[in-house]
Amino acid sequence: MTPYARRGVHGQTVETLARRVLSGEIPEGATLDLVTLQGDLDVSLTTLRESLKVLAAKGMVDARQKRGTFVRARSDWNLLDADVLRWQFAGATGTGTDLRLLRSLGEVRGIIEPAAVRLAAERRTDTDLAALEAALTAMGEQEGGATLAVEADLAFHRALLAATHNELLERMEMVIESGLAHRDEIVHSSLHGEDPVPSHRAVLDAVRDQDPVAAERAMRALLDQAVRDLDRAQGSRPAADEGTGAL
């Protein structure tokens, strides 16, 4: 999905507004002064209103007669929306909030991916196996650097969800990828991560053998490794808020 910031003035306005809301700069419950905001962002009123419609669709803002446009409570936000997740990571890198969000997404992965990989083992096609193999091959190439390593990991997990042949599970890639990409950027930028290829190879082998039990076991081992890698990577960075976990 192309970030809104790459979609011209409208997209940049969406990104700016979203990050102000997510950071608390524009707090929950605040009523927006559209004229002041228009001047601050140096955009047309039409652009501002269209951008707010995007945030409204994500549950972040609403408009009412006599009250105007206001920021809704966080409990109303679509926190599983891929853009909302990405905006949160972009604005919270290295903070306790960042780690809490990674931990929450990791728990979601721990529920979804082991179950999904069982279906993938039962339903995979030769095309699915080829996509997984291609991603694993790319993961093992060292000259690509951290950026390509992240892309290869995302491609592997995307292919696993596709191999379930369940369109609702396939859409979960939009949730999983936001956290996985951010976690991978941290881990692949450090020297503390384990080689990811063996754990991913174990998952692929079990899927190829159509062994759902082994596939689930391999996926759980892979996710455990992901926790260890991030713990090590975070240990090499400045201390975050006390009491937060890593994933």
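This text follows the structure it describes.
So, here's what we can say about the structure. All values reported here derive from a predicted model rather than from experimental measurement. (Residues numbered from 1 in each chain as written. Predicted model: local features only at pLDDT ≥ 70, side-chain atom pairs only at ≥ 80, totals over all residues. Heavy atoms only, no water.)

**Quick notes on the pairing of strand β1 (residues 61–64)**
Within a regular strand, side chains alternate between the sheet's two faces.
Okay, step 1: Bridging between β1 and strand β2 (residues 68–71) involves four bridges; their strand directions are antiparallel. Directly across from D62, in β2, lies its bridge partner F70.
Okay, step 2: The turn joining β1 and β2, which pair antiparallel and follow one another in sequence, is formed by three residues; a positive phi near 75° is taken by K66. (Pairing = 2+ DSSP bridges. Helix = DSSP H or I, 4+ residues; strand = E, 2+ residues; numbered from the N terminus.)

**A short note on the side chain of R124**
Okay, step 1: Looking at the element boundaries, R124 is found in the loop between α5 (96–123) and α6 (126–139).
Okay, step 2: No salt bridge is formed by the buried R124; its nearest oppositely charged neighbour, D126, is found at 4.6 Å.
Okay, step 3: For R124, the side chain forms a polar contact with the main-chain oxygen of V207, separated by 3.0 Å.
Okay, step 4: Within polar-contact distance, the side chain of R124 engages the backbone oxygen of R208 at 2.7 Å.
Okay, step 5: The contact partners of R124, leaving out residues within four places of it in the chain, are L129, A163, V207, R208 and Q210. (Buried < 20%, exposed > 50% of the residue type's maximum accessible area, 1.4 Å probe, protein only. Lys, Arg positive; Asp, Glu negative; His and termini not counted. Salt bridge = Lys/Arg side-chain N within 4 Å of Asp/Glu carboxyl O. Polar contact = N/O pair within 3.5 Å; in protein donor to acceptor, adjacent residues only side chain to side chain. Contact = heavy atoms within 4.5 Å.)

**Details of the pattern of salt bridges**
Okay, step 1: In total, this model carries 19 salt bridges according to the counting rule given.
Okay, step 2: In this structure, E25 engages R20 in a salt bridge whose closest nitrogen and oxygen atoms are separated by 3.8 Å.
Okay, step 3: Among the ionic pairs, D62 bridges to R64, the shortest N-O distance being 3.2 Å.
Okay, step 4: For D62, a relative accessible area of 22% gives the class partly exposed.
Okay, step 5: A single salt-bridge network, built from bridges that share partners, covers E15, R19, K58, D81, D83 and R86.

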